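# Close look at the chain arrangement
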Amino acid sequence: MDKNIIDNTARRLQGNEKIKILFVCLGNICRSPAAEGVFRAIAEENSMSGRFIADSAGTGGYHIGDLPDQRMRIHARRRGIELTHICRQVSESDFDEFDLIIGMDHNNLSNLHRIAPTPEAEQKIAPMAAWVDSALRFDHIPDPYYDGAEGFENVLDLLQNGCTNLFNSLK
């Protein structure tokens, strides 16, 4: 976990009645819709779904209009999480709409910085790995697209850990 990012984010969002979070990966079919689903489930379990609004998007427009990857939906469903998000591409207007924009890996973060319309908008960007326990030894959320079942399970484990820490830092 990156204590500086966590503390700065919590400080910046302190006092917000609602907090809007956008999770971002490349195609918006695996990691980001899973993060959205995991975070929503955590907020619901804690009776705080009204305070947090979660969405997801991709930096690429490859899968616009599609449901998340079927393999990710199956693995998430086994954990009680339904991924019904319709894939979309991130846009400049998202920087006005959301309080926090979380990228899954270094390429996503770089693309988000390129898309951000202002320096103030760039301050909303953070890596998902900042909230993942350092004991898990990941500095990004790996793309499971070309991996087998263990890749999807690993991503869900990392997101469960990171989203729980994110939620706890903001509640």
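Description of the structure in this document. (Residues numbered from 1 in each chain as written. Predicted model: local features only at pLDDT ≥ 70, side-chain atom pairs only at ≥ 80, totals over all residues. Heavy atoms only, no water.)

## A word on the overall build of the chain
Put simply, the rule reads: Numbering of helices and strands starts at the N terminus; helices are DSSP runs of H or I of at least 4 residues and strands are runs of E of at least 2. A radius of gyration in this sense is built from C-alpha atoms; the matching globule rule multiplies 2.2 Å by the number of residues raised to 0.38. Partly exposed residues are those whose accessible area sits between 20% and 50% of the maximum for their type, while under 20% is buried and over 50% is exposed, using a 1.4 Å probe and protein chains only. Residue contacts are counted whenever heavy atoms from the two residues lie within 4.5 Å of one another. Only the protein chains shown count as covering a residue, and every accessible area follows the Shrake-Rupley method with a 1.4 Å probe. When charges are counted, Lys and Arg contribute as positive and Asp and Glu as negative, whereas His and the chain ends are disregarded. Positions of charges follow a simple convention, taking NZ of Lys, CZ of Arg, CG of Asp or CD of Glu.
Across its full length, the chain carries seven helices and four strands. Listed by position from the N terminus, the elements making up the chain come as α-β-α-β-α-α-β-α-α-β-α. Relative to the 2.2 N^0.38 estimate, which gives 16 Å for 171 residues, the radius of gyration of the chain is 15 Å and therefore close to what a compact globule would have. Overall size of the chain, expressed as C-alpha extent along the three principal axes, is 40 × 30 × 30 Å. Residues counted as buried form 50% of the 171 residues belonging to the chain. Put simply, 76% of the contacts in the chain that link residues at least 6 apart link residues at least 24 apart. Here the chain displays about 8,300 Å² of accessible surface, and carbon together with sulfur accounts for 46% of that area. Here the chain carries 18 positive and 25 negative side-chain charges, and the mean point of each set is 3 Å from the other.

## Comments concerning the packing of helix 2 (residues 31-45) against helix 7 (residues 149-170)
Any two packed helices are characterised by how steeply their axes cross, that is the angle between the axes, and by the distance between the axes. Basically, it comes down to this: Whenever a helix is involved, its axis is fitted only over the stretch in contact; in every case the axis is a line through C-alpha atoms, and angles between N-to-C directions fall within 0 to 180 degrees. Angle categories are assigned with fixed cut-offs, so that under 35 degrees is roughly parallel, over 145 is roughly antiparallel, 65 to 115 is roughly perpendicular, and the rest are oblique. In a left-handed crossing the near helix is turned counterclockwise from the far helix by less than a right angle, and in a right-handed crossing that turn is clockwise. Three classes are used, and their members are as follows: Ala, Val, Leu, Ile, Met, Phe, Trp, Tyr, Cys and Pro are nonpolar, Asp, Glu, Lys and Arg are charged, and the others, Gly among them, are polar.
Packing of helix 2 against helix 7 leaves a shortest axis separation of 9 Å and a crossing angle of 50°. Judged by the angle between their axes, helix 2 and helix 7 are oblique. Handedness of the helix 2/helix 7 crossing: right-handed. Residues Arg31, Ala34, Ala35, Val38, Phe39, Ile42 and Ala43 of helix 2 touch helix 7, and the partners they reach there are Val155, Leu156, Leu159, Gln160, Cys163, Thr164, Leu166 and Phe167. Its residues assigned to classes, the contact of helix 2 with helix 7 shows 12 nonpolar, two polar and one charged.

## Topic: the environment of Pro144
Looking at the element boundaries, Pro144 is found in the loop between strand 4 (125-127) and helix 7. Expressed as a C-alpha distance, the spacing of Pro144 and Arg71, which sit 73 residues apart in the sequence, is 9.6 Å. Setting aside anything within four residues of it in sequence, one finds Pro144 in contact with Cys30, Arg31, Met72, Gly151, Phe152 and Val155.

## Topic: the sheet that holds strand 2 (residues 52-58)
Stated formally: Each pair of strands is called paired provided DSSP finds at least two bridges between the two strands.
Strands sit in the order 2-1-3-4 across an open sheet of four strands; the sheet is parallel. Both edges of this open sheet fall to strand 2 and strand 4, since each of them pairs with a single strand only. If you compare each strand with its neighbour and ignore which way they point, the axes differ by 25° on average. Running over the sheet, helix 2 touches strand 1 (19-25) and strand 2 and is turned about 170° from strand 2. Taken strand by strand, helix 5 (residues 106-115) contacts strand 1, strand 3 (100-103) and strand 4, and its axis lies near 175° from that of strand 4.

## Let's talk about the nonpolar core
Short version of the rule: Here, nonpolar core refers to any group of buried Ala, Val, Leu, Ile, Met, Phe, Trp, Tyr and Cys residues whose side-chain atoms link them within 4.5 Å.
Counting residues in each nonpolar core, the largest one holds 40 residues, and the members touching the most others are Ile21 and Phe23. Elements with a contribution of two residues or more to this core: helix 1 (3-13), strand 1, helix 2, strand 2, helix 3 (70-78), strand 3 and helix 7. In terms of residue count, helix 7 provides more of this core than any other element does, nine residues in total. Residues Ala57, Phe98, Leu109 and Ile125 belong to the second largest nonpolar core, which totals 13 residues.

## Notes on unusual backbone geometry
In the Ramachandran plot, Asn28 falls in the positive-phi region, its phi being about 60° despite a non-glycine side chain. Tracing the backbone shows Asn28 in the loop between strand 1 and helix 2. Asn28 gets classed as buried once you look at its relative accessible area, which sits at 0%. For Ser47, which is not glycine, the phi dihedral falls at a positive 55°. Within the secondary structure, Ser47 sits in the loop between helix 2 and strand 2. Under the relative-accessibility criterion, Ser47 is labelled exposed at 69%.

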